[in-house]
Amino acid sequence: MKAIICSQHGGPELLELIETPTPEIGEDQVLIEVYYCGVNFPDTLIIQDKYQFKPPLPFSPGGEIAGIVTHIGKGVHNCKIGDRVVALCGWGGMAEQVSVKASHVFTIPAELDLLDASICMYTFGTAFFALKNKAQLKAGQTVLILGAAGGVGSAAIMLAKLMGAKVIAAASNNEKLDYCKLIGADETINYTSENLRQKIKEITSNKGVEVVFDTIGGPLAEESLKSLSWNGQYLIIGFASGIIPQLPFNLALLKGSSVHGIFWGAFAEKEPYSNKENFIQIIQWILQGILKQHIHQLYSLEDAPKAIADMIQRRINGKAVIQIKAEPISTNRKSYTTISKEKNNNQNSTNDAVGKLIINGKDTIHQYIGNTIGPGKWMIITQKMINEFASTTQDNQWVHIDEVKAAKYLPEGKTLAHGYLTMSLVSHLLFELIELKGVNSFYNYGLNKARFISPVKVNDKIRLSAILEKAEVQLNGSIKLFLNCTIEIAGVEKPAYVAEIISIIN
């Protein structure tokens, strides 16, 4: 199998994609075919030998995965072969297969797709444990979130809002703060250019905040602790700044405040029933369409080191995901477009046809990153279409237009469509699946990573599915949208065409 391997401690540039043996399993373990692996801050630490857990070299990073069980140990009773599951593997997840202790594996409802499942544990699990179990957050309280645009920070914004709190999001630049507003933050603070404590006083009318949710540590920790109200709760999530602060505990004494260490992995291990209760609630919210983690970008397994590098350099808003294998779209699962419709009762989106996503306004596009649209309707490739394309492009090779010769020499006796004919249909098929209203223009700008995999023959039926991969705000205010498009052929296992399409939204 293929895996990203850390053979020496250091930065992500030392990671390698290599062939490695399939993991063996013990009696209490299961083997999982990995479809998606979430990228988390511990992945940046574990490859540098800076994490609490220190696996022996060589190993693969990746502690949060979703996939399908392929083998089980003799003592396993909580899942079976063929089950769709999420798992906390600690490490080993950036690979085509991983062995996991059965107690760390959870089956998921048929309605939940593997992509959403792969990113609902670390970030939502950590944030919910902190806010619910430790801070015991109450409706009407105010929460300050430091490092609010990251995976755990953005999860905390959404969960705190669901729990009825007011959210102050603090981040290092205005682009990140715009994202925080998009996912529900009430107030924002740019702690690079603004005085954190003074802004908190202004926002809270000198009352302070009931809860501080700190993912970054560093010099802002003391200012945040000073900004707590009486009986406030300080939640230590992590130290993304790279600096572990030395807090003066007299501040906690004077405030009557509590300081909580948030080690969700230990909580999940030592209090499995409470953790499972949290997990069930998170899944229910996701299926109800009122909770959805923003996906910054889908990375290939080959690009996993870049995903970790992007996290180290704090370029990621929301969650990065490694896609090892895409899950086929199923009518048994709630479509992303349906979820989007339920989530946005404010008319941000509607769904007027199966598989079609209609979004009102470019400012809402970020919340759909990671969503799948389609599959669309089947289109039949006729000989007339092939001939007209040949005439337009002056590509008159006999394999395309000579039906008599094709019947004699080609497989199944059928002419072949031009590869570029298939490619040219992407725009037509794509705009049957997605529409943006209230924008000046929405057009395909170019393509990237195009691959022609299976030939399309005359009278074949093709259709398109796409994943909204990432969105980049440009200097002129436009949005560059990247879509991972796949054209499949009816009755053929491998797709005809796969490409990353770049669209511009003005």
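Everything quoted here is computed from the prediction, not taken from an experiment.

Cut-offs and rules
- Residues numbered from 1 in each chain as written.
- Predicted model: local features only at pLDDT ≥ 70, side-chain atom pairs only at ≥ 80, totals over all residues.
- Heavy atoms only, no water.
- Helix = DSSP H or I, 4+ residues; strand = E, 2+ residues; numbered from the N terminus.
- Polar contact = N/O pair within 3.5 Å; in protein donor to acceptor, adjacent residues only side chain to side chain.
- Contact = heavy atoms within 4.5 Å.
- Salt bridge = Lys/Arg side-chain N within 4 Å of Asp/Glu carboxyl O.
- Pairing = 2+ DSSP bridges.
- Axes fitted to C-alpha atoms, helices over the stretch in contact; angles between N-to-C directions.
- Core = buried A, V, L, I, M, F, W, Y, C linked by side-chain atoms within 4.5 Å.
- Buried < 20%, exposed > 50% of the residue type's maximum accessible area, 1.4 Å probe, protein only.
- Right-handed = clockwise from strand over helix to strand, strands pointing away.
- Parallel < 35°, antiparallel > 145°, perpendicular 65-115°, else oblique.
- Nonpolar A, V, L, I, M, F, W, Y, C, P; charged D, E, K, R; others polar.
- Left-handed = near helix turned anticlockwise from the far one by under 90°.

So, about the side chain of K319. Its place among the elements puts K319 in strand β15 (residues 319–323). In this structure the side chain of K319 is engaged in a polar contact, spanning 3.2 Å, whose partner is the side chain of N40. A distance of 2.8 Å separates a polar atom in the side chain of K319 from a polar atom in the side chain of E64. Setting aside residues no more than four positions away along its own chain, K319 makes contact with G38, V39, N40, E64, I119, Y122, T123, Q293, H294, I295, H296 and Q297.

Taken as a whole and judged by the stated rule, the model has 17 salt bridges. Among the salt bridges present, the one from E202 reaches K199, with a minimum N-O distance of 3.8 Å. Note that E202 and K199 are positioned in helix α6 (residues 196–204) at a spacing of 3 residues, about one turn of the helix. Each of E412, K414, K457 and D460 takes part in salt bridges that share partners, so that together they form one network.

Spatial strand order, β10-β9-β8-β11-β12-β13: 6 strands in an open sheet with parallel pairing. Of all the strands in the sheet, just β10 (187–190) and β13 (258–261) have a single pairing partner and so form its edges. The sheet shows a mean angle of 15° between the axes of neighbouring strands, taken without regard to direction. In this structure, strand β8 (residues 142–146) lies alongside strand β11 (residues 209–214), joined through 4 bridges in parallel fashion. Counterpart to L146 in the pairing with β11 is D214.

Turning next to the nonpolar core. For soluble globular proteins, nonpolar side chains are generally found buried alongside one another. In this structure, L131 and F213 are the most contacted members of the largest nonpolar core, which totals 99 residues. When residues in this core are grouped by element, the largest group, 7 residues, is from helix α3 (residues 122–134). Beyond its immediate sequence surroundings of up to four residues, L131 is in contact with Q136, L137, V143, A156, L159, A160, M163, F213 and L235. Counting residues in hydrophobic clusters, the runner-up holds 34 residues, among them I4, V76, M311 and I316.

A few words now on the environment of A252. You can see A252 is positioned in helix α8 (residues 249–255). Measuring from C-alpha to C-alpha, the distance between A252 and P61 comes to 37 Å, with 191 residues separating the pair along the chain. When near neighbours in sequence (up to four residues on either side) are disregarded, A252 contacts L225, S257 and V259.

In an α-helix there are 3.6 residues to a turn, and that puts residues three or four apart on one side. Counting buried positions along helix α11 (residues 304–312) yields 7 of 9 residues, so the element is predominantly enclosed. The elements touched by buried residues of α11 are β1 (2–5), β3 (29–39), α1 (41–46), β14 (295–300) and β15. Just downstream of α11, R314 is the residue with a positive phi angle, here 60°.

Here we come to the pairing of strand β9 (residues 166–171). Of all 6 residues making up β9, 5 are buried, and the element is well covered by its neighbours. Direction of pairing for β8 relative to β9: parallel, over a ladder of 5 bridges. Note on β9: the bridge partner recorded for L146 is A170. A crossover connection joins β8 to the parallel β9 through helix α4 (residues 151–162); in handedness this β-α-β unit is right-handed. When β9 meets β10, the two strands line up parallel, connected through 4 bridges. When the bridges of β10 are listed, A170 appears paired with I189. Following the backbone out of β9, through helix α5 (residues 174–182) and into the adjacent parallel β10, one traces a crossover that is right-handed.

With that out of the way, let us pick up the environment of T364. Mapping T364 onto the fold places it in the loop between β17 (357–360) and β18 (372–373). Exposure remark for T364: the relative accessible area of 8% places this residue in the buried category.

What follows deals with the packing of helix α13 (residues 383–393) against helix α16 (residues 419–430). Axis separation between α13 and α16 bottoms out at 10 Å; the angle between their running directions is 100°. Relative to α16, the element α13 lies roughly perpendicular. Together, M385, I386 and F389 of α13 and Y420, L421, S424 and L425 of α16 make up the contact between the two elements. Partitioned by chemical class, the residues of the contact of α13 with α16 number 6 nonpolar, 1 polar and no charged.

Look at α3 against α4: their axes get within 8 Å of each other, and the N-to-C directions meet at 55°. One way to sum up the angle between α3 and α4 is to call them oblique. For the element pair α3 and α4, the recorded crossing hand is right-handed. Contacts between α3 and α4 involve T123, F124, T126, A127, F128 and L131 from the former and G151, V152, A155, A156, M158, L159 and A160 from the latter. Of the residues assigned to the contact of α3 with α4, the class counts are 10 nonpolar, 3 polar and no charged.

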